[in-house]
Amino acid sequence: MCMLLTSVSLLAQEKNDSILEVEKPTIEYSYQRATYEIADITISGADSYEDFVLIGFSGLSVGDKIEIPGEQITKALKRFWKQGLFSDVKISATKIEGDKVWLDIYLVQRPRISELVFQGLKKSEQEEIETKVGIAKGNQMTPNISDKAKTVIEKYFSEKGFHNAEVAVKQVDDSQHPGYVKVLIQVDKKEKTKVGKICITGNEALTHNQINRAMKKTNDNNILNMFRPKKFVTEEYENDKKAVIEKYNEIGYRDAYIVADSIVPNAEDPTRVDVHMHIHEGEKYYVRDIHWVGNTVYPYEYLNRVLNIKKGDVYNLKELNKRLNEDDDALSKLYTDQGYLFFSVDPVEVNVENDSIDFEMRMYEGRQATINSINIKGNTRVYEHVVRRELYTKPGQLYSQSDIMRSLRELAQMGHFDQENLVPDIQPNPEEGTVDITYQLETKSSDQIEFSLGWGATGLVGSLGLKFTNFAIQNLFNKKSYRIVPQGEGQTFSINARTNGVYYSSVSINFMEPWLGGKRPNSLSASIYFASQTRYSDRYYKAYQSLYDNYMTSYYAYGNTDYYQQLMESEADPDKYLRTLGISVGYGKRLRWPDDYFSFYAELSYQMYMMKDWPYLLVTDGFSHNLALNLQLSRSSIDNPIYTRRGSQFVLGLKITPPYSAIMGTKDAEFEQMSVSDRYRLVEYYKAKFSGKVFTPLTPDSKLVLMARAEFGYLGNYNKYTKSPFETFSMGGDGMSGYTSYSTEYVAMRGYQSGSLTPFDKVLGYNAGYLYNKYTLELRYPIALEQNATIWAHAFLEAGNCFSDIKDYNPFELKRSAGLGVRIFLPMFGLLGIDWGWGFDEINGSTSSGGSQFHFVLGQEL
C-alpha cells in the first residue's frame with residue numbers, strides 16, 4: 001500500500017535485518033500497516049542534547065502502541081523539523097520481535113555560530129544592524145534566522161533610501177571549532193535611491209511648490225528643497241501623500257484625493273525615480289453654521305468666541321481640531337482647567353449643501369474631577385516636602401491641566417530632575433469622579449564644580465568654585481544628611497575663589513534659601529566677598545598710560561600683548577592696591593499679580609573700596625563706601641533653565657544709593673574745593689537696567705528654537721560733581737573680566753575683543769561706559785538632551801554699543817557681529833562652550849573692525 005503524508009513519507013520493511021526507516025524527503029511504503037509496542041527508544045547523532053529531552057520532545061514513549069506506518073511517527077518527525085534545529089531527521093526500527101519494536105531517532109544538528117562577520121558596512125551601521133538581526137554567538141544557525149537577517153537588513157537600508165541593496169548571508173565552516181560556522185553577511189548597498197522629478201497634474205488650488213513643500217520627506221531638486229532630504233523611502237512617500245491631502249483640507253478642499261500615482265525609473269539617472277501624481281481637488285467648502293449640543297457650563301456665544309471659527313470661514317478640519325483640543329487656549333483646556341477631566345467634544349458634519357457645511361458640536365461635559373492623591377516617585381535627592389511645595393496640584397482641588405503643566409515647569413526649574421523625562425501619570429476614576437496624579441521623577445545631580453578661565457588686564461585668571469544646590473543648613477548637625485555638605489532642603493550654597501597667582505585674588509561665599517520658613521516661596525539670600533588687586537610695575541604703568549594720548553582707547557593696550565606681559569611679570573608692588581570688601585542680603589517674593597510668573601526681589605548691599613596709589617580709577621587713594629538698594633521686578637515663564645524651548649524672561653532693575661550730596665546740602669563751590677578722595681568717600685548714583693529674552697520654537701518637535709534678547713543699562717548721577725567712577729559698564733568680548741573688582745560690570749559682545757567697545761571718558765581719564773544697549777538673535781538646535789550632558793549648537797546675530805554719556809547716545813549707532821557656537825552643560829561643571837564671532841564695524845578710535853574672534857564660555861551665558 002502507498003500513502004502520501006504532508007511533507008513526510010514513511011517506508012516500512014520487514015527483511016532479514018528487520019529495519020523500519022523514516023526520513024525526509026520521500027520514501028515509499030511497501031507493506032500493510034501493523035501495530036507494534038515500543039520496547040525501547042535510542043538517540044543518535046545529537047550529542048549536545050540529553051537523550052531524555054529529545055525522546056520527550058518526540059512524543060513517543062516506551063510502552064506506547066503505534067501503527068507502522070502511522071501518524072505517531074509522522075507527528076514525531078514534524079516536531080523535530082518544525083524547530084529548525086536539525087538538518088536531517090530519521091526514525092529507524094533497529095529491531096522487531098513479534099509485536100515489539102526498537103526505535104532509533106537519528107538527528108543531525110545544525111551548526112552553531114562561532115563568529116559574525118560583516119562586509120560592506122560602516123562601523124556605525126554594523127553596530128546598529130547587529131542588534132536587529134538576532135544572530136548571537138553560540139546559537140544554532142537555522143534557515144529562519146538566515147532569512148530573517150536578510151529581510152531585516154534589506155528593510156533597514158530601504159528605509160535609508162537604498163532600495164537596490166543586495167544582501168547575502170553565508171556560512172563558512174570553522175576549522176578550529178568542529179560543528180561551528182562563521183556567519184558572513186555581505187552587503188552591497190548600491191547607490192542611494194533619490195527622487196528625480198515630481199510630476200503633478202490636476203492641481204489648481206495649490207501650486208507645484210506648495211504641494212512639494214507639503215511633502216516633508218519626498219522632495220525633488222527644487223531650490224526650495226535645498227536643505228531637505230532627497231532620498232526616496234516608500235513608507236515616507238505614503239505619509240507624504242496623506243500630507244498632501246491634509247494640505248488641501250486646510251484650504252477647504254475636503255473631497256480632495258489622489259486619483260493615481262506611480263513611481264517610475266528616471267530616464268537619465270538609474271539611481272533616481274520619478275514620482276507621478278494625479279490629484280482630484282473637488283470643490284472648496286465653507287463653514288455655514290455651528291450648533292452646540294450638550295453644553296451647560298458655558299453659553300454657546302462664549303464657546304463660539306473661544307472656538308474663533310466664524311460663519312463664512314474656509315473649511316479647515318485641522319484648524320478646527322486645534323481650536324477644540326490642541327492649542328494652548330483650546331476649548332478643551334477651558335473645561336479641563338475647571339475640573340472637567342472627562343470632557344469630550346465631537347465635531348459632526350450634519351449637513352453639506354453646495355459649498356457649505358453645517359457643524360454640530362456634540363459635547364460631553366461630565367462631572368468635575370477632584371484630585372484624590374498626589375504621588376511622588378523616583379525622587380532620591382531632596383526631601384519630599386521640598387518637591388511637594390513646588391506643585392500647583394493639591395489633593396482635594398479640582399483637576400486642572402494648567403496646574404499640572406505649571407507643576408512640571410516648577411519641577412524643571414528646581415534643577416534636581418531630568419526635564420526630558422518629566423511625565424505625569426494621570427489615572428482618572430470616572431465612577432468616583434476623582435483622579436490620582438503621579439509625578440514620575442528621574443533624579444539628576446545638580447551640584448557643580450565650577451571652573452573658569454578669563455583674560456583681563458592682569459592676564460590669565462583662574463576660578464575654582466563649589467556649588468551645592470541641595471544644601472540644608474538645618475542639617476548642620478545631622479551627620480546622616482551629609483554628602484560633603486548637609487543636603488536635602490533645596491538651598492543653594494556656593495564658594496568661589498579666583499587668582500592669577502600674583503596680581504589678583506578674590507573669594508566669595510553665597511547662600512540662598514528659596515522657601516523662607518518653608519510655607520511660602522519667599523527667598524532669602526546672603527553673600528560676602530573680598531577681592532584684592534595689586535598694581536603693576538611702574539614701567540608697565542607708564543607704557544600703558546602713554547597709549548591714552550589723544551584719547552586712544554584701551555583696545556590698543558592689548559595689541560602688543562607679549563611686551564606688556566613681560567613688563568607685568570617684572571614686578572608687583574603689594575603696597576599699591578585696590579581691595580574690595582562686600583556684603584549683601586536679599587529678599588525675594590513670588591507675586592500673584594499681574595500673574596504668578598512675576599517675582600520681586602530687594603537687596604541691600606554694601607561695598608567698601610580700599611585704594612592705595614591705584615591709578616586705574618579716578619579715586620587713587622583712600623576709602624569709598626557704596627551702600628545701595630537694588631530692586632528688581634521680573635517675570636519668567638521659561639520651560640527649562642538649561643535648554644529653553646519656549647517662554648520668556650524679563651527683568652527690570654533699579655539700583656540706588658542715598659543722594660548724599662542732597663542730604664548734606666553740599667554746594668557746588670564745596671565740591672570744587674574737595675579732593676577726589678573726599679568727593680567719592682560716599683558713592684552716590686542710580687543705575688537702571690532692563691533685559692528681556694523670548695524663546696520661540698520653530699518646529700513641531702520644539703527642538704529648533706529662536707531666542708531674541710534685548711538689554712539696556714544706564715548709570716546716572718544726582719549732580720555733575722558726583723559722576724560715579726564705580727558700577728560702570730565695560731563692553732566687548734565674552735563678558736568675563738578675568739578678575740572681579742566689583743567696580744565694573746562686564747557686558748559680553750561677541751566678535752570684539754574684551755572691553756574694546758568701552759568708550760573713553762574725559763572726566764575719569766580712562767575707559768568707562770555709562771549707558772549701553774544690546775540686541776541678540778540666536779538660533780539654537782540640540783545635539784544631545786541627556787541627563788548627563790545637554791549639548792546644543794547655535795548661530796547668532798548681535799548688535800550693541802556702549803556710551804560714556806547719555807548726550808552721546810544714538811540707538812542706531814550699533815556695532816554688529818555674527819557667528820556660530822556650541823554649548824555643553826555638564827551637571828558637575830555647569831555651562832561650557834565656545835563661540836566664533838566676526839565683528840563687522842570699526843572699534844572706537846580705530847579704523848579696523850572687530851574681525852574674527854573666539855570666545856570661551858565657562859560657567860555663564862553670553
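What you see is a predicted model; the values in this text were computed from it and never measured. (Residues numbered from 1 in each chain as written. Predicted model: local features only at pLDDT ≥ 70, side-chain atom pairs only at ≥ 80, totals over all residues. Heavy atoms only, no water.)

1. Thoughts on the overall build of the chain
Inference 1: Each helix and strand counted, the chain has 16 helices and 40 strands in total.
Inference 2: Out of the 862 residues belonging to the chain, those deemed buried represent 46%.
Inference 3: Taking contacts inside the chain between residues at least 6 apart in sequence as the whole, the part at least 24 apart equals 61%.
Inference 4: Just so you have it, the chain exposes about 43200 Å², and 53% of that area is on carbon and sulfur atoms. (Helix = DSSP H or I, 4+ residues; strand = E, 2+ residues; numbered from the N terminus. Buried < 20%, exposed > 50% of the residue type's maximum accessible area, 1.4 Å probe, protein only. Contact = heavy atoms within 4.5 Å. Areas by Shrake-Rupley, 256 points an atom, 1.4 Å probe, with all protein chains shown as cover.)

2. Structural notes on the pattern of salt bridges
Side chains bearing opposite charge may pair, as long as their charged atoms lie close to each other.
Inference 1: Applying the stated criterion across every chain, the model contains 42 salt bridges.
Inference 2: Its salt-bridge partner being Arg272, residue Asp269 comes within 3.4 Å of it at the nearest N-O pair.
Inference 3: Members of the salt-bridge network, linked through shared partners, are Arg709, Glu711, Arg750, Lys774, Glu778, Arg780, Glu798, Arg823 and Asp835. (Salt bridge = Lys/Arg side-chain N within 4 Å of Asp/Glu carboxyl O.)

3. Looking at helix H8 (residues 317–326)
Each α-helix turn comprises 3.6 residues. Residues three or four places apart therefore point the same way.
Inference 1: Within the sequence span of H8, burial applies to Leu320, Arg323 and Leu324. Seen along its axis, H8 keeps its buried residues to an arc of 90°; they face one direction.
Inference 2: Packing partners of the buried residues in H8 comprise helix H7 (300–307), helix H9 (331–336), strand E14 (344–353) and strand E15 (356–364).
Inference 3: With a side-chain oxygen positioned 3.2 Å from the backbone nitrogen of Lys318, the residue opening H8 is Asn316. (Arc of directions from axis to C-beta. Polar contact = N/O pair within 3.5 Å; in protein donor to acceptor, adjacent residues only side chain to side chain.)

4. Description of helix H1 (residues 51–58)
Inference 1: Listed as buried for H1 are Leu54, Ile55 and Ser58. For H1, the angular spread of buried residues about the axis comes to 100°, placing them on one side. Along H1, exposed side chains directed more than 90 degrees from the buried face belong to Phe52 and Gly56.
Inference 2: Residues of H1 that are buried make contact with strand E3 (34–44), helix H2 (71–83), strand E5 (86–97) and strand E6 (100–109).
Inference 3: Phi for Gly59, located one or two positions after H1, is positive at around 85°.

5. Details of the sheet that holds strand E8 (residues 166–173)
Inference 1: In space, the three strands of this open sheet follow the order E7-E9-E8, with mixed pairing throughout. The open sheet is flanked by strand E7 (112–119) and E8, the only strands paired with a single partner. When the angles between neighbouring strand axes are averaged without regard to direction, this sheet yields 20°.
Inference 2: Where E8 lies against strand E9 (residues 180–188), eight bridges are found, and the strand directions are antiparallel. Across the sheet, the residue bridging to Val167 is Val187, located in E9.
Inference 3: Taken strand by strand, helix H4 (residues 143–159) contacts E8 and E9, and its axis lies near 145° from that of E8. (Pairing = 2+ DSSP bridges. Axes fitted to C-alpha atoms, helices over the stretch in contact; angles between N-to-C directions.)

6. Observations concerning the sheet that holds strand E13 (residues 286–293)
Inference 1: Taken in spatial order, the three strands of this open sheet run E13-E15-E14, and their pairing is mixed. Among the strands making up the open sheet, the edge pair consists of E13 and E14. Neighbour to neighbour, the strand axes of the sheet diverge by 25° on average, direction disregarded.
Inference 2: Pairing of E13 with E15, which is carried by seven bridges, proceeds in the parallel orientation. The partner of Tyr286 across the bridge, within E15, is Ser356.
Inference 3: Strands in contact with H7 are E13 and E15; relative to E13, the strand with the most contacts, it is inclined by about 135°.
Inference 4: Along the sheet face, H8 touches E14 and E15 and points at about 155° away from the line of E14.

7. Here's the deal with the packing of helix H3 (residues 123–133) against H4
Inference 1: The N-to-C vectors of H3 and H4 enclose an angle of 135°; their axes lie 10 Å apart at closest approach. Classified by the interaxial angle, the pair formed by H3 and H4 is oblique. In this structure, H3 meets H4 at a crossing whose hand is right-handed. On H4, the residues that touch Glu125, Glu128, Ile129, Lys132 and Val133 of H3 are Lys148, Ala149, Val152, Ile153, Tyr156 and Phe157.
Inference 2: Taken together, the residues of the contact of H3 with H4 break down into seven nonpolar, no polar and four charged. (Parallel < 35°, antiparallel > 145°, perpendicular 65-115°, else oblique. Left-handed = near helix turned anticlockwise from the far one by under 90°. Nonpolar A, V, L, I, M, F, W, Y, C, P; charged D, E, K, R; others polar.)

8. Observations regarding the environment of Gly588
Inference 1: Along the chain, the position of Gly588 falls in strand E26 (residues 573–590).
Inference 2: Classification of Gly588 as buried rests on a relative accessible area of 5%.
Inference 3: Sequence separation of Gly588 and Leu631 is 43 residues, and the distance between their C-alpha atoms is 9.8 Å.
Inference 4: Filtering out sequence-adjacent residues up to four positions away, Gly588 remains in contact with Pro521, Asn522, Ser523, Phe600 and Tyr601.

9. Here's the deal with the packing of aromatic side chains
Inference 1: For the structure on display, the rule yields 21 aromatic pairs.
Inference 2: On the numbers, 5.0 Å between centres and 90° between planes, the contact of Tyr156 with Phe157 is edge-to-face.
Inference 3: With a relative accessible area of 6%, Tyr156 lands in the buried category.
Inference 4: Using a relative accessible area of 0% as the deciding quantity, one classes Phe157 as buried.
Inference 5: Centre to centre, the rings of Phe232 and Tyr237 are 5.5 Å apart; their planes meet at 45°, and the pair counts as tilted.
Inference 6: Joined through ring pairs, the aromatic side chains of Tyr298, Tyr302, Tyr335, Tyr340 and Phe343 make up one cluster.
Inference 7: Against the face of Trp102 rests Lys95, its NZ or CZ located 4.4 Å from the ring centre. (Phe/Tyr/Trp six-rings, centres within 6.5 Å; stacked < 30°, edge-to-face > 60°. Lys NZ or Arg CZ within 6 Å of the ring centre and 35° of its normal.)

10. Digging into the pairing of strand E31 (residues 705–716)
Inference 1: In the sheet, strand E30 (residues 686–697) pairs with E31 via 12 bridges, with the strands oriented antiparallel. Across the sheet, residue Tyr686 finds its bridge partner in E31, namely Gly716.
Inference 2: Inspection of the sheet shows E31 paired to strand E36 (residues 771–785) by 10 bridges, in the antiparallel sense. By the bridge assignment, Ala710 is partnered in E36 with Tyr775.

11. A few points about a nonpolar patch on the surface
Inference 1: Taken together, Leu466, Ile495, Val507, Ile509, Ile528, Phe530, Leu581 and Ile583 make up a surface patch of nonpolar side chains, about 590 Å² in accessible area.
Inference 2: Looking at the nonpolar patch, the elements that each hand over two or more residues are strand E24 (504–513), strand E25 (522–535) and E26.
Inference 3: Structurally, the position occupied by Val507 is in strand E24. (Patch = residues over 30% accessible without salt bridge, like charges linked within 9 Å, V, L, I, M, F, W, Y side chains within 5 Å.)

12. Notes on the side chain of Ser702
Inference 1: For Ser702, the location among the structural elements is in the loop between E30 and E31.
Inference 2: Exposure remark for Ser702: the relative accessible area of 9% places this residue in the buried category.

13. As for the packing of H1 against H2
Inference 1: The N-to-C vectors of H1 and H2 enclose an angle of 115°; their axes lie 8 Å apart at closest approach. Between H1 and H2, the angle is such that the two are roughly perpendicular. Touching Leu54, Phe57 and Ser58 of H1 are Ala76, Arg79, Phe80 and Gln83, all from H2.

14. Section: the nonpolar core
Inference 1: In terms of nonpolar packing, the biggest core is built from 26 residues, with Met611, Leu617 and Met731 touching the most fellow members.
Inference 2: Counting only elements with at least two residues in this core, the list comes to strand E27 (598–612) and strand E32 (728–731).
Inference 3: Those residues in contact with Met731 that lie beyond four places of it in its chain are Val747, Met749, Gly755, Ser756, Leu757, Thr758, Tyr772, Asn773, Lys774, Gly800, Asn801 and Cys802.
Inference 4: In terms of nonpolar packing, the next biggest core, distinct from the first, is built from 24 residues, Leu60, Trp81, Val101 and Leu107 among them. (Core = buried A, V, L, I, M, F, W, Y, C linked by side-chain atoms within 4.5 Å.)

15. Here's the deal with the environment of Asp289
Inference 1: Here Asp289 is to be found in strand E13.
Inference 2: You can call Asp289 partly exposed: its relative accessible area is 40%.
Inference 3: With 69 residues separating them along the chain, Asp289 and Asp358 place their C-alpha atoms 4.7 Å apart.
Inference 4: When residues no more than four places from it in sequence are discounted, the contact partners of Asp289 are Ile357, Asp358 and Phe359.

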